[in-house]
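# Examination of the molecular architecture
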Number of protein chains: 2
Amino acid sequence: MQAPQFAAPVERLIEFFQRLPGVGRKTAQRFAFHVMSMEETDVSAFAEALLGAKKGVARCKECQNLTDGPVCRVCGDEGRDHSVICVVSEPADVAAIERAREYRGVYHVLHGVLSPLNHIGPEDLTIKELVMRVGKGDVKEVIMATDPDTTGETTAVYIAGLLKPFGVKVTRLAYGVPVGGHLEFADEVTLLRALEGRREL
Amino acid sequence: MQAPQFAAPVERLIEFFQRLPGVGRKTAQRFAFHVMSMEETDVSAFAEALLGAKKGVARCKECQNLTDGPVCRVCGDEGRDHSVICVVSEPADVAAIERAREYRGVYHVLHGVLSPLNHIGPEDLTIKELVMRVGKGDVKEVIMATDPDTTGETTAVYIAGLLKPFGVKVTRLAYGVPVGGHLEFADEVTLLRALEGRREL
């Protein structure tokens, strides 16, 4: 163990920054020194933003996305197609799909993926809430948009199985080479999936 | 411009995280979501740490390093040699040298380097305070330990010139190949300096 290198209040702040994902001691130090070089009013606003994000944000009672009202912006929008649900693992995925400005349905945020190794089972995700929504009977299609990796795949297949009895159409995002990418850098599995999914021009 | 993608309190927090050095939109999002997954008491403590670091920390009246008392731990230590001053640009540099557990003198933190391109002149650094310390007459040696880059070099040479009239010994950290590094990855300038500074075994 090393002795603390900075004044106690600085060390305390460094410690908190270090808890952020992917932040090591050196980056946390840089963050802390940056905070100390900020105007005091800005630091106060930063502290309030921290508390505000924690206290002022809850899960949308429809789609479980994060929202500052009872229902999120997408679910509250009457212009969206509420009969199509796109299932994603994280709120950031909703943001990514919204950026494409193409999808007009609604979402369901699982807040994770199934991962037995990390002791994350179906009861830790919002799968029950999804089944309840589909169970109401107004849903025509559920698009599984979890990440195209092992856990995302497993989660998609598991949920598809659960939804089968409801007779709802369950689809999966297309696999293929990313637009703007270089074919030579694509891995074999992606290329295989891209070939399998080829379409007539 | 894009429409905000998350609830307003979340966007506000993302914005603040984005102001930290080297943090882009995606990293800031990850940080914000991490905060929202933290316990509320931890988030409160984080917010307090932010304010505490800003309000509870001032500059040591001797060496200008950051401290929560009137004088920093090093300057307040009677066992240290107060006749040797190691001049560094940032508080983090003090921490780096302290980690080596070898240096027994005191420090002087400039809080930056001379950089005409960024409009940082001698009056923006704690150079005046350094000259005052040396002027008191108890200092035997000043070790210039600014970074071995252009601005660090310029600052060291500039300060050495200012201290000349006081008849104090001004030294510079040795240049050379880093211990544990690979010679093949050392740049030419470093190798040149390492050769120039070679010593008999």
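Preceding this section is the structure that the text describes.
Residues numbered from 1 in each chain as written. Chains lettered and ligands numbered in written order. Predicted model: local features only at pLDDT ≥ 70, side-chain atom pairs only at ≥ 80, totals over all residues. Heavy atoms only, no water.

Right, let's talk about the packing of helix α3 (residues 40–55) of chain A against helix α2 (residues 25–37) of chain B for a bit. As a packed pair, α3 of chain A and α2 of chain B sit with axes 8 Å apart at the nearest point and diverge in direction by 60°. In the packing of α3 of chain A onto α2 of chain B, the handedness of the crossing is right-handed. On α2 of chain B, the residues that touch L50, A53 and K54 of chain A of α3 of chain A are V35, M36 and S37 of chain B. Looking at the contact of α3 of chain A with α2 of chain B residue by residue, the classes come out as 4 nonpolar, 1 polar and 1 charged. (Axes fitted to C-alpha atoms, helices over the stretch in contact; angles between N-to-C directions. Helix = DSSP H or I, 4+ residues; strand = E, 2+ residues; numbered from the N terminus. Left-handed = near helix turned anticlockwise from the far one by under 90°. Contact = heavy atoms within 4.5 Å. Nonpolar A, V, L, I, M, F, W, Y, C, P; charged D, E, K, R; others polar.)

The next point concerns the relation of the copies chain B and chain A. Rotating chain B by 180° and moving it 0.1 Å along the rotation axis overlays it on chain A with an RMSD of 0.1 Å. What the rotation and shift describe, once combined, is the action of a two-fold rotation axis. For chain B, the residue whose C-alpha comes nearest the rotation axis is A47 of chain B, separated from it by 2.2 Å. Interface residue correspondence from chain B to chain A reaches 98%, placing this contact among same-surface, isologous pairings. (Least-squares fit on C-alpha atoms with pLDDT ≥ 70 in both.)

The full count for this structure, using the stated rule, is 11 aromatic pairs over all chains. Measuring from ring centre to ring centre gives 5.4 Å for F17 of chain A and F31 of chain A, while their planes differ by 75°; the resulting arrangement is edge-to-face. One end of the pair, F17 of chain A, is in helix α1 (residues 8–18); the other, F31 of chain A, is in helix α2 (residues 25–37), with 14 residues separating them in the sequence. Residues F46 of chain A and F17 of chain B carry aromatic rings whose centres are separated by 5.5 Å and whose planes lie at 85° to one another, so their mutual orientation is edge-to-face. (Phe/Tyr/Trp six-rings, centres within 6.5 Å; stacked < 30°, edge-to-face > 60°.)

Before going further, it helps to spend a moment on the interface of chain B and chain A. With 52 residues of chain B at the contact, the number on the chain A side is 51 residues. Together, the buried faces of chain B and chain A total about 4,700 Å²; carbon and sulfur atoms form 71% of this surface. Area buried by chain B at its contact with chain A is led by F16, L50 and K54 of chain B, which between them contribute 14% of it. Inspection of the chain B/chain A interface yields 2 salt bridges. The closest approach of N and O atoms between R19 of chain A and D42 of chain B, which form a salt bridge, is 3.8 Å. Here chain B is connected to chain A by 8 residue pairs in polar contact (both at pLDDT 80 or more). Broken down by secondary-structure element, the contributors of at least two residues to the side of chain B that touches chain A are α1 (8–18), α2, α3 (40–55), β2 (66–67) and α4 (91–99) of chain B. No other element matches the 14 residues that α3 of chain B contributes to the side of chain B that touches chain A. (Buried area = accessible area lost by both parts, 1.4 Å probe. Salt bridge = Lys/Arg side-chain N within 4 Å of Asp/Glu carboxyl O. Polar contact = N/O pair within 3.5 Å; in protein donor to acceptor, adjacent residues only side chain to side chain.)

Residues and elements named next belong to chain A. Taking strand neighbours across the sheet as the criterion, the 4 strands line up as β4-β3-β5-β6 in an open arrangement whose pairing is parallel. Looking along the sheet, the strands with just one partner apiece sit at the ends: β4 (105–109) and β6 (169–172). Averaged over all neighbouring strand pairs, the angle between strand axes comes to 25°, with direction disregarded. Two strands pair when backbone bridges link them, and strand β3 (residues 81–88) and strand β5 (residues 141–144) are joined in this way by 4 bridges, in the parallel orientation. Looking at the pairing, I85 lines up with V142 of β5. Where helix α5 (residues 127–135) meets the sheet, its contacts fall on β3, β4 and β5, and the angle it forms with β4 comes to roughly 150°. Of the strands in this sheet, β5 and β6 are in contact with helix α6 (residues 150–163), which crosses β6 at around 170°. (Pairing = 2+ DSSP bridges.)

Further remarks concern unusual backbone geometry. Phi at H111 of chain A is positive, roughly 60°, even though this residue is not glycine. Positionally, H111 of chain A belongs in the loop between β4 and α5. For H111 of chain A, a relative accessible area of 17% puts it in the buried group. The phi dihedral of H119 of chain B falls on the positive side, at around 60°, and the residue is not glycine. Along the chain, H119 of chain B turns up in the loop between β4 (105–109) and α5 (127–135). (Buried < 20%, exposed > 50% of the residue type's maximum accessible area, 1.4 Å probe, protein only.)

In short, geometric facts, not functional conclusions.
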